[in-house]
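This is what each chain is made of:
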Amino acid sequence: MSNNHDKHADDHGHHELGFWQKYIFSTDHKVIGIQYGITALVFLFFGFSLMMAMRWSIAHPGEPIPVFGFLIKLLLGSDNASAQFANNIMTGTLYNSFGAMHGTIMVFLAVVPLAFGAYGNYVTPLQVGAPDMAFPRLNMVSYHTYWPGGLIMLISFFVPGGAAKSGWTSYSPLASIADHGQGIWHIFNGQTLWLLGMVMLITSSLFGSVNLIVTIVQLRVKGLTWFRLPFFTWAQFITAFLLLLAFPPLESAGIMQLMDRLAGTSFFLPSGLYVGGQALEVSGGGSPLLWQHLFWFLAHPEVYVLILPAVGIVAEIIACNTRKPLWGYKSLVFAALFLGFISFSVWAHHMYLTGMGTKVSTFFQLTTVIISIPSVIILTALMISLWGGSIRFNSAMLFATAFLPMFGLGGLTGIPLAFNALDLYLHDTYYVIGHFHYVVAPGTIFALFAGIYHWYPKFSGRMMSEFLGKLHFWPSFVCMNLIFLPMFIQGMAGMHRRWYDGGASYELSQAFIPLFQPLIPVFNAFLEAFGKNPIEGIRAIDLNLVMSWGAWLLALAQVPFIINVLGAWIFGRKAGDNPWGCTTLEWATPTPPPHGNFLKEPVVYRGPYEYSVPGADKDFTPQDEPPKS
């Protein structure tokens, strides 16, 4: 390891770098981590904005979008706006575009780059005591492959016909024949640009995953054995393998769909396909199901790419803020390893509607139920870790503890979807949306917020405001549940996820929900107090208003966070090297860490979570503190 530190010093020479080398084309893992973080947060805000516009269309179908309509016109360009957004009213085509791009942006451009690209880059080398990533230049290339992929996605809104509109799953043959025809450019159209952007994003992730694996395997400092690694580093290590093994099939599929669109191949186009009453002139013989297999072989492990880094962040924060070791550390590690392994054997539970045989569906039902076991072990270990702790409820800990029930609710509501008899009824309803978003939104995104509050002092040298942090947390917690909890009820009532009018044209959405009927007297008393007419009952479609207001208020709840991040950078109280009293190696560096990270090569003497050790002179013992003789 000392050779790595010496070589790093020789390579860089510690001369002063110019602006472009220091901030734009930097090879320093910390700068690249911050680049990933800022870029991903911008995409997160953009993807969230698309959702807010969709929620207006759902709650107020046929009504013009107020105040922010001009921004959507700017996004679309004049030609697309006149066709898809006339009089500031969202059409079904634009709703499909926003839906497809919301899913793509939130998963591939926001949450994964934030969870893996930002946290993995900034924190992991520090936690293993490395001076940088194993391949710094490859790291730089990874970031500069990521953001152009996102830029291509954004450019697709301006091209004739607008952005991709075949869903974030981009199923063939719909996606293979979309965005063709009069006035649509051959290459520069929404679906083709979506595919080109995805190829770049996947390539970026593959660069990053190889780099992280080699860094953890090769650059650990002396004494840092595998079972002395912090759980966050384990989570990033397993996530890197998931990316490395799951993404190549989707990249291959993306290139094959590109060939179908541009080169006249028929990988996913069957023979005898008719479009608009006309036979499609393709060679045929392809399989639409092949796309679904390749897509979901990536997309189910992708769920764990989203959740494992989040679990790693939460574990670090819980251990530090309860002043206790993580309960069942080795159980957590083995459960995460098993979770990663078995995540490759459950993909076809997304495809029950394709008519698979009973034996095959039984296999995937079984594996899907089995995968819940390691998830329960992880959640249980984290909850038991709270027991008896001297808990410090700072902003990071609030988000981390809220993650536990939110992730649990997301996981529990996924179990019915494992069984094909139930999935046939719930497929493509809001129930599925509610289940997935409880895992990813109040689940993963809460953990990512927790990580920002926890590690912000390390990378900025400043403390964030606890008051603004709590002002950010509580409204976010309430609004997240206002948005996603009613989705389970709507889904079980049969409401479909792709209705751009929120169900206004469907009779089933007008049915009263028995669960809410006992509350009618309370609602009517409230309405009468404000001079409104009483209601006969609460219908499934009425919940659209609750969820949409929840979404818009959630956006407002992020204002304290933005003020906090920007304000603390300038006005925040200066942070010490280890302001939270943590034990892992990233807190052994100066704050913020200098080039090369450590003033001297650290040596690890103990496990990652030695808190409140009996007989110790303080309630935490850093990993690099030598044992007393």
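Above this text is the structure in question.
Residues numbered from 1 in each chain as written. Predicted model: local features only at pLDDT ≥ 70, side-chain atom pairs only at ≥ 80, totals over all residues. Heavy atoms only, no water.

Enquirer: Help me out: how do you make sense of the layout of surface pockets in this one?
Expert: If a probe the size of a water molecule is rolled over the atoms, the empty space left behind becomes visible. In this model, the second largest pocket occupies a volume close to 310 Å³. Phe 523, Phe 526, Leu 527, Ile 535, Gly 537, Ile 538, Arg 539, Asp 542, Leu 543, Leu 545 and Val 546 are the residues that line the second largest pocket. Elements with a contribution of two residues or more to the lining of the second largest pocket: helix H19 (520-529) and helix H20 (543-557). The class makeup of the residues in the lining of the second largest pocket is eight nonpolar, one polar and two charged. (1 Å grid on protein atoms, 1.4 Å probe; cavity = no way out; pocket = protein on both sides within 12 Å on 5 of 7 lines; lining within 4 Å. Points joined across faces, edges and corners; volume = space filled by probe spheres on them. Helix = DSSP H or I, 4+ residues; strand = E, 2+ residues; numbered from the N terminus. Nonpolar A, V, L, I, M, F, W, Y, C, P; charged D, E, K, R; others polar.)

Enquirer: Sorry if this is basic, but what is going on with the packing of aromatic side chains here?
Expert: To describe a pair of aromatic rings, one takes the distance between the centres and the angle between the planes. The tally for this structure, following the rule as stated, stands at 51 aromatic pairs. Ring geometry for Trp 168 versus Phe 295: centroids 5.3 Å apart, planes at 70°, classification edge-to-face. Placement of the pair is Trp 168 in the loop between helix H7 (136-155) and helix H8 (174-177) and Phe 295 in helix H11 (residues 288-322), with a sequence separation of 127 residues. In terms of burial, Trp 168 and Phe 295 fall into one category: buried. Arranged with centres 6.1 Å apart and planes meeting at 35°, the rings of Phe 227 and Trp 234 form a pair that is tilted. A relative accessible area of 6% means that Trp 234 is categorised as buried. Site record: aromatic cluster; members linked through ring pairs are Phe 399, Phe 446, Phe 449, Tyr 453, Phe 473, Trp 474, Phe 477 and Phe 561. Looking at Lys 330, its charged tip hangs above the ring of Phe 227, at a distance of 5.0 Å from the centre. (Phe/Tyr/Trp six-rings, centres within 6.5 Å; stacked < 30°, edge-to-face > 60°. Buried < 20%, exposed > 50% of the residue type's maximum accessible area, 1.4 Å probe, protein only. Lys NZ or Arg CZ within 6 Å of the ring centre and 35° of its normal.)

Enquirer: Would you explain the side chain of His 437 in this entry?
Expert: Along the chain, the position of His 437 falls in helix H17 (residues 430-460). One polar contact links the side chain of His 437 to the main-chain carbonyl oxygen of Ile 433, over a distance of 2.9 Å. Not counting residues up to four positions away in its chain, the partners in contact with His 437 are His 102, Pro 442 and Phe 484. (Polar contact = N/O pair within 3.5 Å; in protein donor to acceptor, adjacent residues only side chain to side chain. Contact = heavy atoms within 4.5 Å.)

Enquirer: Would you mind going over a nonpolar patch on the surface with me for this structure?
Expert: Nonpolar side chains collect at one region of the surface, where Leu 545, Trp 549, Leu 553, Leu 556, Val 559 and Ile 563 lie side by side and expose about 560 Å² of accessible area between them. Contributions of two or more residues to the nonpolar patch are made by H20 and helix H21 (559-571). No other element matches the four residues that H20 contributes to the nonpolar patch. Along the chain, Leu 556 turns up in helix H20. (Patch = residues over 30% accessible without salt bridge, like charges linked within 9 Å, V, L, I, M, F, W, Y side chains within 5 Å. Areas by Shrake-Rupley, 256 points an atom, 1.4 Å probe, with all protein chains shown as cover. Salt bridge = Lys/Arg side-chain N within 4 Å of Asp/Glu carboxyl O.)

Enquirer: Looking at this structure, I do not really get unusual backbone geometry. What am I missing?
Expert: Excluding glycine, residues mostly carry a negative phi; peptide bonds, for their part, are mostly trans. Note the cis peptide between Ser 172 and Pro 173, where omega equals 5°. Position of Pro 173 among the secondary structure elements: in the loop between H7 and H8. Residue Pro 592 is reached from Thr 591 by a cis peptide bond, and omega for that bond is -10°. As for its placement among the helices and strands, Pro 592 is situated in the segment after H21. For Asp 428, which is not a glycine, the phi torsion comes out positive at approximately 65°. By secondary structure assignment, the location of Asp 428 is in the loop between helix H16 (420-426) and H17.

Enquirer: Looking at this model, I keep getting lost on H20. Mind explaining?
Expert: Along an α-helix, residues three or four apart share an orientation, since each turn contains 3.6 residues. Given a rise of 1.5 Å per residue, 15 residues ought to cover 21 Å, and the 21 Å separating the end C-alpha atoms of H20 matches this to within 8%. For H20, the set of buried residues is Leu 543, Asn 544, Met 547, Ser 548, Gly 550, Ala 551, Trp 552, Leu 554 and Ala 557. Where H20 is buried, its residues meet helix H3 (29-59), helix H18 (466-492) and H21. (Expected span 1.5 Å × (residues − 1).)

Enquirer: Explanation requested: the environment of Thr 192 in the structure shown.
Expert: Within the secondary structure layout, Thr 192 lies in helix H9 (residues 190-218). Classification of Thr 192 as buried rests on a relative accessible area of 0%. Put simply, Thr 192 and Ala 163 are 29 residues apart on the chain and 9.4 Å apart in space, counted from C-alpha to C-alpha. Apart from residues lying up to four places away in sequence, Thr 192 is in contact with His 186, Ile 187, Leu 258, Arg 261 and Leu 262.

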